[in-house]
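Geometric and topological summary
So the chains spell out like this:
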Amino acid sequence: YSDLLCRRAMERGVRFINASSAATYGDGSMGFSDSIETAVRLRPLNAYGWSKQLFDMWAHREGRLSSIASVKFFNVYGPNEYHKGGQKSVVAHIFPQVKVNETVKLFKSYHPDYRDGWQLRDFVWVGDCVDVVLWLLDHPEVGGLFNVGSGEARSFYDLAKAAFNALGLQEKIGYREMPEELKGKYQYYTQADLSRLRAAGYLAPMTSLEDGVRQYVQKYLDREDSYV
């Protein structure tokens with residue numbers, strides 16, 4: 001379906017921007033460069049990641065990547081995601097516990113290099129993602145694969161602490177077992193390499209984890225109407 005949309009858009013001279021994902025990077029052993037040299041070697045860990053990888057590789061084989069933008073979003077968080085159920089961001093998942101000052105339970109670690117709760121991800125504020133997409137719409141001459149993240153790996157512990165602090169509360173953080181089906185498919189580290197996006201001309205700073213979580217909690221999650 002993505003292939004069909006891309007072909008139809010290009011036939012009509014319509015700018016095409018595809019939502020790819022950091023899930024394409026799999027266990028991270030190939031690094032997090034959005035160069036095509038890295039992309040062709042990637043092995044995602046799940047079907048979602050493979051669906052994104054297959055489109056990116058189709059666009060590459062068809063010679064379309066120079067004319068479209070396929071954007072590899074990292075761990076996006078922010079308002080209007082409430083319909084996503086189990087796929088909501090961690091901030092949205094833990095907020096009900098944070099709000100009533102209960103202990104938040106993060107996943108234990110099953111990797112010797114990472115403590116419980118200190119698995120690292122590149123968490124990116126949705127406002128930054130919107131800004132990048134709007135910039136790409138305004139610059140149709142820019143094409144290719146592009147990472148969109150904060151450019152900094154932070155721990156789930158940091159994320160939970162920021163959510164508590166946004167309400168003026170001391171963090172209460174515990175740990176729980178990871179579901180068996182996730183243990184062999186879990187990314188312990190992601191960090192967007194933004195060098196290609198910067199080289200293409202996008203120079204706006206990315207929002208820090210603390211500032212993004214504060215905005216999300218105070219302006220949306222802790223309001224009667226949490227939608228934009």
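Figured I'd write up the structure that's included with this text.

Criteria and cut-off values
- Within each chain, residues carry numbers counting from 1 in the order of the written sequence.
- Two thresholds apply to this predicted model, a pLDDT of at least 70 for residue-level local features and 80 or more for giving and counting side-chain atom pairs, whereas whole-chain, interface and lining totals are computed over all residues.
- Hydrogens are left out, water is left out, and the side-chain values use all remaining heavy atoms of the structure.
- Here a strand is any run of E in DSSP of at least two residues, a helix any run of H or I of at least four, and the numbering for each starts at the N terminus.
- The convention used is that axes are lines fitted to C-alpha atoms, helices contributing only their stretch in contact, and that angles between N-to-C directions extend from 0 to 180 degrees.
- For classification, angles of less than 35 degrees are called roughly parallel, those exceeding 145 degrees roughly antiparallel, those between 65 and 115 degrees roughly perpendicular, and all remaining angles oblique.
- By convention the crossing between two helices is left-handed if the near helix lies anticlockwise of the far one by an angle smaller than a right angle, and right-handed if it lies clockwise.
- Contacts between residues were defined by any pair of non-hydrogen atoms, one from each residue, lying within 4.5 Å.
- In this count, Pro and Cys sit with the nonpolar residues alongside Ala, Val, Leu, Ile, Met, Phe, Trp and Tyr, while Asp, Glu, Lys and Arg are called charged and the others, Gly among them, polar.
- Definition used for salt bridges: Asp or Glu carboxyl oxygen within 4 Å of a side-chain nitrogen of Lys or Arg.
- For the exposure calls, accessible area comes from a 1.4 Å probe over protein chains only, and a residue counts as buried if that area is under 20% of its type's maximum, exposed if over 50%, partly exposed in between.
- Pairing of aromatic side chains requires ring centres within 6.5 Å, counting the rings of Phe and Tyr and the six-membered ring of Trp. Pairs whose planes differ by under 30 degrees are stacked, by over 60 edge-to-face, and all others tilted.
- Lining residues are those with an atom within 4 Å of a point, where the points come from a 1 Å grid over the protein atoms alone and group into cavities, where a 1.4 Å probe fits but cannot get out, or pockets, open sets with protein on both sides within 12 Å along at least five of seven lines.
- Grid points are joined across faces, edges and corners, and a volume is the space filled by probe spheres set on the points.
- Two strands are counted as paired when DSSP detects at least two bridges linking them.
- To qualify as a nonpolar core, a set must consist of buried Ala, Val, Leu, Ile, Met, Phe, Trp, Tyr and Cys residues joined through side-chain atoms within 4.5 Å.

So, on to unusual backbone geometry. Its identity is not glycine, yet asparagine 80 carries a phi of approximately 75 degrees, on the positive side. Residue position: asparagine 80 is located in the loop between strand E3 (75-77) and helix H4 (90-99).

Moving on, we come to the packing of H4 against helix H6 (residues 156-166). Two elements in contact, H4 and H6, have axes whose closest approach is 10 Å; the angle formed by their N-to-C orientations is 50 degrees. Classified by the interaxial angle, the pair formed by H4 and H6 is oblique. Here H4 and H6 pass one another in a crossing that is right-handed. When H4 is examined against H6, the residues Val90, Val91, Ile94 and Val98 are found in contact with a partner set consisting of Phe156, Leu159, Ala160, Ala163 and Phe164. When the residues that make up the contact of H4 with H6 are grouped by side-chain class, the tally is nine nonpolar, no polar and no charged.

Glancing now at the pattern of salt bridges. Under the defined criterion, the tally for this structure stands at nine salt bridges. The closest approach of N and O atoms between arginine 12 and glutamate 11, which form a salt bridge, is 3.5 Å. Classification of arginine 12 as exposed rests on a relative accessible area of 60%. For lysine 72, the salt bridge is made with aspartate 56, and the minimal N-O distance between the two is 3.9 Å. Placement of lysine 72 in strand E2 (residues 69-73) and of aspartate 56 in helix H3 (residues 47-61) is noted, with a sequence separation of 16 residues between them. Each member of the pair, lysine 72 as well as aspartate 56, is classed as buried. One salt-bridge network, held together by shared partners, links Arg8, Glu11 and Arg12.

With that settled, consider the packing of H4 against helix H9 (residues 209-221). At a closest axis distance of 11 Å, the pairing of H4 and H9 adopts a crossing angle of 60 degrees. With respect to each other, H4 and H9 are oriented oblique. H9 is crossed by H4, and the crossing has right-handed handedness. Each of Val91, Ala92 and Phe95 in H4 lies in contact with H9, whose residues at this interface are Val213, Tyr216, Val217 and Leu221. Broken down by class, the residue content of the contact of H4 with H9 amounts to seven nonpolar, no polar and no charged.

A few words on the packing of aromatic side chains. For the structure shown, the criterion picks out 16 aromatic pairs. Plain terms: the ring middles of tyrosine 186 and tyrosine 188 are 4.9 Å apart, the flat faces sit at 75 degrees to each other, and that makes the pair edge-to-face. Of the two residues, tyrosine 186 and tyrosine 188, both sit in the buried class. One aromatic cluster is present, formed by Tyr25, Phe32, Phe74 and Tyr189 through successive ring pairs.

Our focus in this paragraph is the layout of surface pockets. Space inside the largest pocket adds up to approximately 1,600 Å³. If you trace the largest pocket, you find 43 residues lining it, with Asn75, Gly86, Gln87, Lys88 and Arg121 closest to the centre. When contributions to the lining of the largest pocket are tallied by element, the ones reaching two or more residues are strand E1 (17-21), E3, H4, strand E4 (104-107) and H6. Among the elements that line the lining of the largest pocket, the one with the most residues is H4, at five residues. When the residues that make up the lining of the largest pocket are grouped by side-chain class, the tally is 22 nonpolar, 14 polar and seven charged.

It is worth spelling out the pairing of strand E7 (residues 144-148) at this point. Across the five residues of E7, five count as buried, placing the element largely inside the fold. As paired elements, E2 and E7 share five bridges and run parallel to each other. If you follow alanine 69 over to E7, its bridge partner there is glycine 144.

Counting 30 residues, the largest nonpolar core has Tyr77, Val91, Leu159, Val213, Tyr216, Val217 and Leu221 as the members making the most contacts within it. When contributions to this core are tallied by element, the ones reaching two or more residues are H4, E4, strand E6 (123-125), H6 and H9. Of all the elements, H6 adds the most residues to this core, at seven residues. Not counting residues up to four positions away in its chain, the partners in contact with tyrosine 77 are Ser89, Val91, Phe123, Val124, Trp125, Val126, Ser208, Leu209, Gly212, Val213 and Tyr216.

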